[in-house]
Amino acid sequence: MDVLEALATAPPHFADVGVSLGGRRRIQGGREHPLQLADGLLAQVGVIQDLDAKGSRDDVGGLPGSHEVARHDGDSAVHAVGEEAGGLLCLGAAEVGEFGMGDLALEATLNVPDGLAVADEVELERAHRLIVRMRKLREVSGLLVTGTSSDAGKSLVVTALCRLWSRQGIRVAPFKAQNMSNNSMVCRDGSEIGRAQYLQAQAARVEPTSVHNPVLLKPGSDRRAFVVVRGRPAGQLVAGEYATGRRHLAEAAFAAFEELSASVDLVVAEGAGSPAEVNLRSGDYVNLGLAQRFSLPALIVADIDRGGALAALFGTWGLVDDSDRALLRAYVINKFRGDESVLTPGLDMVTERTGMPCAGVLPWLEDVWLDSEDALSIGRWRPSSDTSGNRLSVAVVRFPRTSNATDVDALAAEPGVDVRVTTDLDVCREADLVVLPGSRATVSDLEWLRSSGVADVVAWRASQGRPVLGICGGYEMLAQWIDDPVESEQGGRVPGLALLPTTVTFLPEKVLARPTDEWRGHAVEGYEIHHGVVSDDRAFPGGTASDSVWGTIWHGTLECDDFRRAWLTEVAAAAGSSWRPDATALGFAERRETMIDALADAVDEHLDHQLLLELTR
């Protein structure tokens, strides 16, 4: 029986295993638990059978090749043999102590092939044989980019570093173990990942896949989230499980990181929220839990524009425990405006008190937007710098559960188009175009649309021939009726706004696709992420139209330049606006590339990226 088979047949009544490494940290595991040790070693422990022997401490020595360990006492002996095969060094060690109240204290000192001594103190509820598996991991070069808060600038820094280091000929790739976001994208292999990681992969000039974002949580309400693992639906996570029910997600994330790191020179990983969320540390696998597992140095990004950045840096450093603190290697100030010399004394004090050097100060960057994963960023475009005299106003309705709001980024980037995300009834009434964006909870957001009065404004606009566009969930709201037993907590059939001749039925299987079409002779490409199946005639790409009301189940169509400009010309005509597209303006994809390069240029100029690169090695 090999080790894996033995672990699979472990007695069902085993206790959780607590392992203390060097007296610094304690990890609670179960049937088997992987532990990251120093110098790229991975130890995996698992209990496989009861022992009835009693004895004293053993010292176990492991060398390359076959090795044997035996322990003898006055009553019995336990014998274990380890063997190296295919680069896997297995040490079998049996150790016992006194049985007190049914407990067994086990201690083993392992001398591994590279001379590293590791002391493991293991406590079991009953006497079990212990297997310790050790293998040499591939050297991983990587950097974890954390933040003092959400929207501090983690995504921006990761995007910029991926492009900068890619320019330097380094095979670099982004990674985020877990996203909690309703802004997602479908990769060409059909997997669903966060929009931010899709953009970061483009910045690194690699093909985006689920390996870059193995776990995606999509909030459906305040108490539950839909789970996507390796790009595919994987059930739900409800309130109370966030801190305790994610072990399988951690395993998927760690496996993806190993897969990715084996194919590139350098992984730039993005954390989530703040690493100082110590209430979630025991189950963490996206912040310092990831860094501990793979010995990654961590960079902290602080947003000085919102105030309190220095206190947030010091507080982050002070709240985490000693072993995590050792991984915090540098910090960056983001969104600074003004004379940097005024800031210097504060940075010097932070460095003096924490030992972390400041890797630089990024200035406030105009004309930069990102495919956001954070609700805080929706609709926060910089003031337009174009001077077009004729304007087209767009009101994007802010749903409680807005999904894929990045659809309207291409509108905001169009010269002469002013986009505002709003719930203001007057703004929605007076705009040239109203957009109902995607929704993670269509039925619930439709109920809100009615209670807020926005539904009445949309109906009035349709009756007056004033343009309305519905995208995915927003499109479904425009239907005659919606039958949703899948996403809606209340379920059942509800009436839609009845502004388009369609019906919607939600099915358990999610549609993930990258479709193409043509409209008025213009090529259109989009992506689909939905459970709702709409009965339509495809008179509009991915949907249908009726007078001045358009709807599409596809996301991303507005990124197609020729289609967007031709359709907006029709919108302007219907709204009575004199706006016309600027044929000389950069296309959306070109603007995105320009923005990514601008980020990389800013990091090249203002950050000590050589210091950051040295930290990864």
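The structure presented is a predicted model; accordingly, all values stated were derived computationally and were not measured.

A. Representation of the overall build of the protein chain in the model. Within the protein chain, the secondary structure is distributed over 16 helices and 38 strands. With 617 residues in all, the protein chain has 57% of them scored as buried. The contacts of the protein chain with a sequence gap of at least 6 include a subset with a gap of at least 24, amounting to 70%.

B. Broad picture of the sheet that holds strand β36 (residues 528-534). An order of β32-β31-β33-β36 is seen for the four strands of this open sheet, with the pairing classed as mixed. Both outer strands of the open sheet, β32 (493-495) and β36, are each paired with one neighbouring strand and no more. Strand-to-strand, the axes of this sheet are offset by a mean angle of 35°, without reference to chain direction. Bridging between strand β31 (residues 481-483) and β32 involves three bridges; their strand directions are antiparallel. When the bridges of β32 are listed, I482 appears paired with V494.

C. Spatial organisation of the nonpolar core. Membership of the largest hydrophobic core comes to 59 residues, with the highest contact counts inside it found for L411, V435, L449, L469 and W567. Once residues within four sequence positions are removed from consideration, L469 is found in contact with L433, V434, V435, L436, F540, W550, G551, L558 and W567. Listed in part, the 47 residues of the second largest apolar core include V267, L288, A298 and V350.

D. Region of the structure containing the pattern of salt bridges. This model, assessed by the stated rule, comprises 26 salt bridges. Here E270 and K176 are joined by a salt bridge, their closest N and O atoms 3.3 Å apart. One end of the pair, E270, is in strand β21 (residues 266-270); the other, K176, is in the loop between β14 (172-175) and β15 (178-180), with 94 residues separating them in the sequence. Taken as a pair, E270 and K176 share a single burial class, namely buried. The shortest N-O distance in the salt bridge between E192 and K218 comes to 2.6 Å. You can see E192 sitting in strand β17 (residues 192-194) and its partner K218 sitting in strand β18 (residues 215-219), a full 26 residues away along the chain. Judged by its relative accessible area of 0%, E192 is buried.

E. Structural view of the pairing of strand β23 (residues 328-336). Within β23, eight of the nine residues are buried, which leaves the element mostly enclosed by the surrounding structure. The sheet contact formed by strand β22 (residues 298-303) and β23 spans six bridges and is parallel. Its bridge partner lying in β23, I300 is registered against Y331. Of the pairings in the sheet, the one linking β23 to strand β24 (residues 358-363) comprises three bridges and is parallel in character. Looking at the pairing, F336 lines up with P363 of β24. Chirality of the crossover, the property in question, places the unit of β23, helix α8 (residues 340-354) and β24 among those that are right-handed.

F. Spatial organisation of the sheet that holds strand β38 (residues 549-552). Ordered by their spatial adjacency, six strands build an open sheet running β27-β25-β28-β30-β38-β37, and the pairing between neighbours is mixed. The strands lining the two open edges of the sheet, one partner per strand, are β27 (417-422) and β37 (543-546). Adjacent strand axes in the sheet meet at a mean angle of 15°, parallel and antiparallel pairs treated alike. Alignment of strand β30 (residues 468-471) against β38, held across four bridges, turns out to be parallel. Looking at β38, one finds that L469 is bridged to W550. Each of β25 (392-397), β27, β28 (433-436), β30 and β38 touches helix α14 (residues 561-575); the most contacted strand, β38, lies at about 150° to it.

G. Examining the pairing of β21 more closely. Within β21, five of the five residues are buried, leaving the element largely enclosed by the surrounding structure. The alternating pattern of β21 places L266, V268 and E270 on one face and V267 and A269 on the opposite face, and all of these are buried. As paired strands, strand β13 (residues 142-147) and β21 are joined by four bridges and run parallel to one another. For G142, the partnering residue across the bridge sits in β21 and is V267. Across four bridges, β14 lies against β21 in parallel orientation. Residue P174 lies in a different strand from β21, and its bridge partner there is V268.

Definitions and cut-offs
Residues numbered from 1 in each chain as written. Predicted model: local features only at pLDDT ≥ 70, side-chain atom pairs only at ≥ 80, totals over all residues. Heavy atoms only, no water. Helix = DSSP H or I, 4+ residues; strand = E, 2+ residues; numbered from the N terminus. Buried < 20%, exposed > 50% of the residue type's maximum accessible area, 1.4 Å probe, protein only. Contact = heavy atoms within 4.5 Å. Pairing = 2+ DSSP bridges. Axes fitted to C-alpha atoms, helices over the stretch in contact; angles between N-to-C directions. Core = buried A, V, L, I, M, F, W, Y, C linked by side-chain atoms within 4.5 Å. Salt bridge = Lys/Arg side-chain N within 4 Å of Asp/Glu carboxyl O. Right-handed = clockwise from strand over helix to strand, strands pointing away.

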